[in-house]
Amino acid sequence: MGDDGVPGIAAFQRIAATIDYPMWIVTAAEGRERSGCLVGFATQCSIDPVAVGVWVSKANHTFPVAARADVLVVHALDEDDMALAELFGAETGDDVDKFSRCRWSPGPSGAPVLDGLDWFAGRVLHRFDSGDHVGHLLAPFAGEARERPGRRLGFQRARVIDPGHEAD
């Protein structure tokens, strides 16, 4: 990740490296194909109506599946979920069936719901290119959340995961 000699970019990169963004697993299904990946770019972006933005890397195996899916399932990770974060972040669906290595069930529109995690499903309202990632604007419509989640997994802890695909 270069700064191209632009002071503002270098400053942003130094700031961003200190922020503990929450990590998520996004899953998608389209037809008989399913995929999932670890993402760090996600945020609520509207209160009324509720909307969430989730960005998927164009280099990721999940990208073409998510690009065709009507629904994405977004899973919140706790610090105890590092093994799942590694599975969905360090492995690529190009080489590995991640879903054969974890417990899950079909969720809304067939998108996999990973067992034991808090999750929500969102209808894709809009997609937008933002460089090496594509944003998916979601309207949440289903999900499950525990009363007392654990401490959420953040970027600072997950940064040790070697990505299955490098960002372009």
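Residues numbered from 1 in each chain as written. Predicted model: local features only at pLDDT ≥ 70, side-chain atom pairs only at ≥ 80, totals over all residues. Heavy atoms only, no water.

(A) Geometry of the nonpolar core. Membership of the largest hydrophobic core comes to 18 residues, with the highest contact counts inside it found for W24, V54, L72, V74 and L138. When contributions to this core are tallied by element, the ones reaching two or more residues are strand 1 (24-30), strand 2 (33-39), strand 4 (51-57), helix 2 (62-68), strand 5 (71-76) and strand 8 (118-129). Setting aside its immediate chain neighbours within four residues, L138 contacts V50, A51, V52, V54, L72, V74, F120, G122, R123, V124 and L125. Residues L38, L84, L87 and L114 belong to the second largest nonpolar core, which totals 16 residues. (Core = buried A, V, L, I, M, F, W, Y, C linked by side-chain atoms within 4.5 Å. Buried < 20%, exposed > 50% of the residue type's maximum accessible area, 1.4 Å probe, protein only. Helix = DSSP H or I, 4+ residues; strand = E, 2+ residues; numbered from the N terminus. Contact = heavy atoms within 4.5 Å.)

(B) Layout of helix 3 (residues 82-90). Considered for burial, the residues of helix 3 that qualify are M82, L84, A85, L87, F88 and G89. Of the surrounding secondary structure, the elements contacted by the buried residues of helix 3 are strand 1, strand 2, strand 7 (112-114) and helix 4 (155-158).

(C) Quick peek at the pattern of salt bridges. Applying the stated criterion to the full structure yields 10 salt bridges. Linking R68 and E33 is a salt bridge whose minimum nitrogen-to-oxygen distance equals 2.7 Å. On the criterion of sequence distance, the pair formed by R68 in helix 2 and E33 in strand 2 is long-range, its members being 35 residues apart. D78 serves as the salt-bridge partner of R146, at 2.9 Å between the closest nitrogen and oxygen. Residue R146 is found in the loop between strand 9 (133-144) and helix 4, and its partner D78 is found in the loop between strand 5 and helix 3; the two are separated by 68 residues along the sequence. On the basis of relative accessibility, which here comes to 5%, the residue D78 falls in the buried class. Linked through salt bridges whose partners overlap, the residues forming this network are D78, D118, R146 and R152. (Salt bridge = Lys/Arg side-chain N within 4 Å of Asp/Glu carboxyl O.)

(D) Structural context of the packing of aromatic side chains. Taken as a whole, this structure holds three aromatic pairs when the rule is applied. For the ring pair F99 and W104, a centre distance of 5.5 Å and an interplane angle of 65 degrees mean the geometry is edge-to-face. Under the relative-accessibility criterion, F99 is labelled buried at 6%. Residue classification places W104 among the partly exposed positions, given a relative accessible area of 25%. A connected cluster of aromatic rings, assembled from ring pairs, spans F88, F99 and W104. Sitting over the face of the ring of F141, R123 holds its NZ or CZ atom 3.9 Å from the ring centroid. (Phe/Tyr/Trp six-rings, centres within 6.5 Å; stacked < 30°, edge-to-face > 60°. Lys NZ or Arg CZ within 6 Å of the ring centre and 35° of its normal.)

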